[in-house]
Amino acid sequence: MGNGAESEYVDADVVVIGGGSAGIAAAVGAAQAGAEVVLIEQYGFLGGAATTGSVLTYCGFFDQTGRQVVQGVGQLLIDKLRERDIYRTHTFVETGNTVVLLDQEITKRACDELIAEAGVRLFLHTTVIGADVDGDRVVGVEAAHRGGRLIFRAPAFVDASGDGILLASAGGETVISPPAERQASTLVMRVAGVGANADVSGTGMTRAVERYRVESGSELVRTSGIAARLPLSHEIMLLLADEHRDVLDAAQLTRSELDGRQLCWEYLEAFRRHLDGWADARLASTGPQIGIREARRMRGQQTVTADDVTAGRKREHEAIARCGWPMENHVVPGVTEYGGIADRGWYDIPYGAICSANRRNLWAGGRLTSSDSRAYASLRVMGTSFATGHASGVAAAMYSRSGVHDSDRTRAELRDQGALI
């Protein structure tokens, strides 16, 4: 790891990479456990996919019976929405899944407040470019910013980057499925000017797309998708513009962004022409970044399997988080495969699934949680990421004090912080 003249050192008890749901929960959880915490985020704001990709629905806070299965730090965020009187949920008739609806700017502000109130030291516009390892321990992370480089040192680290940048830099074992087997990405579009009683049904969208295909000769693979009206702005959020390329390849990811934006304009035109209440619709926003569902995931000391999900497996003495979101695998553009949880309930995620298999002071939460490819389609969502991130941060804080893994103390601290385990 380079440490030239421009490098500065920053020391902490716990260093967290990534300021999305998992990273915010990890940082706040570790700080509440008494650790001095640094949070590193490559963008100029927090929120992860909710704010960088306009995925303005937190999936995973509830199971399919409507029971809340995630609290802890995630609940602190929900409480901030309630304080502003914009807490709203929406249940999709087609799937029975319940989500928390978000406003983009209020979500950014709420995340800022959570981090500030916890006393976390935040570094925005800071990108991880390397790591230093001593045996099986990560001892430092190198990051670049506009003014030079920073080297972050700590006894414990959490990778909540989504793409596993710290795992990759530090030689942590990861699983990378072949591109064709990874989930498709989607560029979210937000549409303004849609009438209050406009048709947002799947059948309506399908008819409109099919008519547009005939008129234009354009091949829009997905004919319908998620549509939700957002609080405050009353815009319609649409998940339609699917791309299925290798997001770890810069050229392919660039192509996905460009083609995704073109698709958004075509869907808008199809709906303006052929969907009731959409004649005055206009494209308010795309992304700004395509929503990436899958890149790397960590190989952990334990792995959540599809059988764990379908059986709703409970782990009385090792659980650190719950997941109530069914398997939702976006196989290719236009095709989504679902797999349910027993009794439409929830399953437990064990401590070992957030622990790196070969780096003893490295944890990972969110969509990096150790899982097989089908279980991944369940636990990757943002509500569950709050829970696994929270556990990762608390576990790292426990380790920073003693130098050993202590799942019992981690579980006790999570309960004290209001987590459901």
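What counts, and where the lines are drawn
- Residues numbered from 1 in each chain as written.
- Predicted model: local features only at pLDDT ≥ 70, side-chain atom pairs only at ≥ 80, totals over all residues.
- Heavy atoms only, no water.
- Helix = DSSP H or I, 4+ residues; strand = E, 2+ residues; numbered from the N terminus.
- Buried < 20%, exposed > 50% of the residue type's maximum accessible area, 1.4 Å probe, protein only.
- Domains from an automatic or database assignment.
- Contact = heavy atoms within 4.5 Å.
- Buried area = accessible area lost by both parts, 1.4 Å probe.
- Pairing = 2+ DSSP bridges.
- Axes fitted to C-alpha atoms, helices over the stretch in contact; angles between N-to-C directions.
- Expected span 1.5 Å × (residues − 1).
- Salt bridge = Lys/Arg side-chain N within 4 Å of Asp/Glu carboxyl O.

Quick notes on the environment of alanine 180
Point 1. Inspection of the secondary structure assignment puts alanine 180 in the loop between strand E12 (174–175) and strand E13 (185–192).
Point 2. Taking the relative accessible area as the measure of exposure, alanine 180 reaches 64% and is therefore exposed.
Point 3. Sequence separation of alanine 180 and valine 37 is 143 residues, and the distance between their C-alpha atoms is 38 Å.

Some points on the domain arrangement of the chain
Point 1. Each assigned domain of the chain is listed with its residue range as follows: domain 1 (8–83 + 103–176 + 294–417) and domain 2 (185–286).
Point 2. The centre of domain 1, based on its C-alpha atoms, is set 30 Å off from the matching centre of domain 2.
Point 3. Listed by partner, the interface residues are 19 residues for domain 1 and 14 residues for domain 2.
Point 4. For the pairing of domain 1 and domain 2, the buried interface totals around 1300 Å² over both sides, and the portion due to carbon and sulfur atoms is 65%.

Structural notes on the sheet that holds strand E14 (residues 226–229)
Point 1. If you walk across this open sheet you meet the 4 strands as E14-E15-E13-E16, and the pairing is antiparallel. Looking at the sheet topology across the chains shown, the edges are occupied by E14 and strand E16 (282–286). Neighbour to neighbour, the strand axes of the sheet diverge by 30° on average, direction disregarded.
Point 2. In this structure, E14 lies alongside strand E15 (residues 236–243), joined through 4 bridges in antiparallel fashion. Opposite isoleucine 226, over in E15, you have leucine 239 as the bridge partner.
Point 3. Lying on the sheet, helix H7 (residues 250–274) is in contact with E13, E15 and E16; it crosses E15 at an angle near 130°.

Brief notes about helix H6 (residues 202–216)
Point 1. In this model, H6 (15 residues) spans 21 Å end to end at C-alpha, consistent with the 21 Å of a helix rising 1.5 Å per residue.
Point 2. Buried within H6 are the following residues: Gly204, Met205, Thr206, Ala208, Val209 and Tyr212.
Point 3. Where H6 terminates, the next one or two residues include glycine 217, which has phi positive at roughly 75°.

Side note on the pattern of salt bridges
Point 1. Per the stated rule, a full pass over the model turns up 27 salt bridges.
Point 2. The partner of glutamate 219 in a salt bridge is arginine 213, and the shortest N-O contact between them spans 3.9 Å.
Point 3. According to the relative accessible area criterion, arginine 213 is partly exposed, its value standing at 23%.
Point 4. Ionic pairing is found between glutamate 318 and arginine 315, a salt bridge with its closest N-O pair at 3.2 Å.
Point 5. You can call arginine 315 buried: its relative accessible area is 6%.
Point 6. A single salt-bridge network, built from bridges that share partners, covers Lys80, Arg84, Arg109, Glu113 and Glu117.

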